[in-house]
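A closer look at the structure
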Amino acid sequence: MLTRVVLAGCLALPAVFSAHADWPQWRGPNRLGAIESDELVASLPRDGLEPEWRFDGLPGGNSGGWGSPVISDGKVFVYAHTKEKTADPGEKKYPWLSPENRTGMSDAEYEAYEEKRRAEDRRRANAFQFEQRLVCLDLETGELAWEQKSSGDYTRFTQSGTPCVAEGKVLILGSGRIACCYDATTGELLWQQRLPGEFNDEFFASSFAVHDRVALIACGPLFALSLSDGEILWNGQAEADFPSHSSPAVWQHGQHSVAVCNTAGGRTVGYSLADGRLLWELKTGVERSSPIVAGDILLTYGGSRKNGLTAFQLNTDAAPKQLWQFRGAADSGSTPVVSKGNVFVQGEKRLAKVALDDGDRIWQTTLRISTPKYTSPIVVGDQLLFAWEGVLAFAADSKDDQKLYEAKIDSDGRLITETDLREKLQMDALEQEEDGRAKAEKVWQKNAILSGPLRCSTPAFSRGRLVIRLNDALVCYDLRKDDAESN
C-alpha cells in the first residue's frame with residue numbers, strides 16, 4: 001500500500017487563509033482544495049437545510065459542461081457551454097460505443113469507427129447553435145450581477161472549465177482554443193486570444209492559474225499569457241503535452257518560479273515561469289488530475305493504484321525526488337486536498353486521509369455511493385466535504401473516518417439526510433406496493449439523484465456559504481453554525 005523515503009528537514013507548509021477568504025480559482029485560494037472557516041453545522045434539520053438561493057436555467061453536463069463555480073469579492077462566477085437545436089440533425093448511425101460494446105472489434109476497426117462517428121457528429125453539429133455563458137451572481141442573494149454571452153464552437157464533449165479571478169479580471173478558456181479575459185466588476189471583455197494549434201472538435205477542461213501577472217493554461221501544450229493583454233509569452237512542447245485536461249500549479253521558491261502541469265502520457269512537467277524552459281519531467285502515471293504544490297512538496301495522483309498518490313521534494317537545481325507513495329486509491333480525474341499537514345484522497349469508492357510528511361495512512365473508508373469519478377473533495381475548516389449524488393461531510397481533524405452527515409439535495413433544493421428524505425418520500429411504504437421497488441427507484445432518482453450535484457463539478461466555499469452546481473442550476477447553502485446552536 002505504501003512506499004516512502006523519510007522526509008529530511010523541515011516540511012514547508014502552505015499559507016493558511018482566513019475564514020473570510022475567497023475561493024477565486026480551481027481548488028480554492030491556494031489551489032490545495034482547502035479553506036479556513038468559522039464553525040460549521042455538524043448535523044442537518046430533519047426537514048433539511050433550505051438553500052439561501054437557487055439560480056435556475058444554467059444547464060450542465062452534456063448540455064452545458066462540467067465547470068465548477070468560484071467565489072471572489074462577494075460574487076459567484078461560473079462558465080457554461082450550451083447548445084440549442086435549430087434544425088433536424090437527422091438519424092444518428094454511429095453512436096458512441098462504451099468499452100463493453102466494443103467486443104469483437106480490433107483496435108483498427110474501432111479507430112475507423114471512431115473516425116466515422118466524429119465525422120457524423122461534426123455534420124450533425126450544423127443543426128445546433130452553440131453558445132458560451134459566463135455568469136456572475138451576488139453571493140448573498142443569488143441575483144444576477146452580469147452575464148456575458150458569445151457564440152461557441154462545437155466540441156466533441158462539452159467545453160468545460162472553471163473561471164479564475166485575479167487582479168479584478170476573470171479568465172476562462174472557451175471553445176475553439178479561445179482564451180478570454182473579462183472585467184470582474186462589469187463583465188466587459190478585456191481581451192481574447194486564440195491559442196495556436198489545430199482545432200477539430202477538441203475540448204479542454206483546464207483552468208487558468210495566475211502568478212506574477214502570468215496566466216497559465218493547458219490547451220494541448222501549456223501556454224503562458226500576459227495577464228494584462230493576453231500576449232502569448234511562451235508555450236510548452238506541443239506534441240508531447242497534447243492532450244491534457246489538467247490545470248497547472250506554480251511553485252515559488254525565493255526568486256525561482258516553476259509552472260507545473262500534468263500532461264499526456266502520464267507525465268508531470270516543470271517549466272521555468274520566466275522563459276518557458278523545460279526544467280524536468282517525471283513519469284507519474286497521472287491522467288486528468290491536477291498537480292498540487294504544498295510548500296516545497298509536489299503531489300501527483302495517478303489513474304491507477306500502481307501510481308497512486310505520490311509526494312516529491314521540489315528542488316531548485318535538480319528534478320524532484322520521490323519521498324513516498326500511497327497506493328490505497330486512484331482516480332482518472334479527482335484531485336486530492338491538502339489541509340493542516342494531511343492529504344485527503346478520493347478514488348473509486350475509497351476515501352483516505354494520509355500524513356503529508358511521510359504518507360502514512362491515518363484512516364480509510366469505503367463510500368456507500370455509486371462509483372464516483374473526476375469529482376474532487378474539499379476541506380472547509382474542520383470538515384471534509386464531498387459532493388457526489390449528494391453531500392458527504394466528515395470530521396477532517398479526526399483520527400478515524402468520523403462521518404458527520406450523509407445528505408441529498410431534494411427536488412425542492414433542501415440539503416437533507418438520506419434517512420429523513422426516505423421518510424419524507426415514504427419510501428418504505430412505496431417499496432411494499434406491487435412493483436414497488438421499480439416505482440421507488442424512479443421516485444428516488446427524481447428526488448435524490450437527478451436533483452443532486454452535477455457530477456465532475458466541485459463546490460466552492462467562501463464566507464460560510466457553500467455553492468454547488470447542479471444539473472441545471474446553482475444552489476447556495478449557509479453552513480455557519482449560529483449562536484443558538486453553538487450554545
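To be clear, the structure that these remarks concern was listed above.
All of the points below concern the structure found in this document.

1. With respect to the overall build of the protein chain
In terms of helices and strands, the protein chain carries six helices and 35 strands. Taking 2.2 N^0.38 as the reference for a compact globule, 487 residues should give roughly 23 Å; the C-alpha atoms of the protein chain span a radius of gyration of 22 Å, in line with that estimate. Seen along its three principal axes, the alpha-carbon backbone of the protein chain occupies a region of about 65 × 60 × 55 Å. Among the 487 residues that make up the protein chain, the fraction classed as buried is 56%. Excluding contacts between residues fewer than 6 apart, the proportion of contacts in the protein chain whose partners are at least 24 apart in sequence is 56%. When the accessible surface of the protein chain is totalled, it reaches about 20900 Å², and 45% of it is carbon and sulfur.

2. Considerations on the sheet that holds strand β7 (residues 144-151)
Strand order in the open sheet made by the four strands is β4-β5-β6-β7, with antiparallel pairing throughout. One side of each edge strand has no neighbouring strand; the edge strands of this open sheet are β4 (70-72) and β7. Strand-to-strand twist in this sheet, taken as the mean axis angle between neighbours without regard to direction, amounts to 25°. The pairing of β4 with strand β5 (residues 75-85) spans three bridges and is antiparallel. Following the sheet pairing, Val 70 is matched in β5 by Phe 77.

3. Some details on the nonpolar core
Formed by 38 residues in total, the largest nonpolar core has its most connected members in Leu 385, Leu 415, Leu 474 and Leu 479. Among the elements that make up this core, the one with the highest residue count is strand β35 (residues 473-478) (five residues). With residues near it in sequence (within four places) discarded, Leu 385 still touches Pro 377, Ile 378, Val 380, Val 391, Leu 392, Ala 393, Tyr 405, Leu 466 and Leu 479. Counting residues in hydrophobic clusters, the runner-up holds 18 residues, among them Tyr 301, Trp 324, Phe 326 and Val 343.

4. With respect to helix α5 (residues 436-449)
Here α5 is 14 residues long and its end C-alpha atoms lie 18 Å apart, about the 20 Å a rise of 1.5 Å per residue gives. Residues of α5 that are buried include every one of Gly 436, Ala 440, Trp 444, Asn 447, Ala 448 and Ile 449, and no others. Tucked inside the fold, the buried residues of α5 contact β31 (403-409), α3 (418-424) and α4 (427-431).

5. Focus on the packing of aromatic side chains
Applying the stated rule across the entire model yields eight aromatic pairs. Relative to Tyr 113, the ring of Tyr 94 lies with its centre 5.6 Å away and its plane at 75°, an arrangement referred to as edge-to-face. Here Tyr 113 lies in helix α1 (residues 107-124) and Tyr 94 lies in the loop between β5 and α1, a separation of 19 residues in the sequence. A relative accessible area of 27% means that Tyr 94 is categorised as partly exposed. Between Phe 128 and Phe 130 the ring centres are 6.4 Å apart and the planes differ by 45°, which places this aromatic pair in the tilted class. A residue is classified by how much of its surface remains accessible, and Phe 130, at 13% relative accessible area, is buried. Among the aromatic residues, ring-to-ring pairing joins Phe 128, Phe 130 and Tyr 154 into one connected group.

6. Structural notes on the environment of Val 269
Among the structural elements, Val 269 can be located in strand β18 (residues 267-272). Judged by relative accessible area, which is 1%, Val 269 ranks as buried. Each C-alpha atom of the pair Val 269 and Trp 280 lies 5.9 Å from the other, and the pair is eleven residues apart in sequence. Apart from residues no more than four positions distant in its own chain, Val 269 is found in contact with Ala 259, Val 260, Cys 261, Thr 263, Leu 278, Trp 280 and Glu 281.

7. Details of the sheet that holds strand β26 (residues 350-355)
If you trace the four strands from one edge of the open sheet to the other, you get β24-β25-β26-β27, paired in antiparallel fashion. Strands with a single pairing partner mark the edges of an open sheet, and in this sheet they are β24 (337-339) and β27 (361-366). Strand-to-strand twist across the sheet, computed as the mean angle between neighbouring axes with direction ignored, equals 15°. Looking at chain direction, β24 and strand β25 (residues 342-347) are connected through three bridges and run antiparallel. When the bridges of β25 are listed, Val 338 appears paired with Val 343.

Basis of the calculations
- Residues numbered from 1 in each chain as written.
- Predicted model: local features only at pLDDT ≥ 70, side-chain atom pairs only at ≥ 80, totals over all residues.
- Heavy atoms only, no water.
- Helix = DSSP H or I, 4+ residues; strand = E, 2+ residues; numbered from the N terminus.
- Rg over C-alpha atoms; globule rule 2.2 N^0.38 Å.
- Buried < 20%, exposed > 50% of the residue type's maximum accessible area, 1.4 Å probe, protein only.
- Contact = heavy atoms within 4.5 Å.
- Areas by Shrake-Rupley, 256 points an atom, 1.4 Å probe, with all protein chains shown as cover.
- Pairing = 2+ DSSP bridges.
- Axes fitted to C-alpha atoms, helices over the stretch in contact; angles between N-to-C directions.
- Core = buried A, V, L, I, M, F, W, Y, C linked by side-chain atoms within 4.5 Å.
- Expected span 1.5 Å × (residues − 1).
- Phe/Tyr/Trp six-rings, centres within 6.5 Å; stacked < 30°, edge-to-face > 60°.

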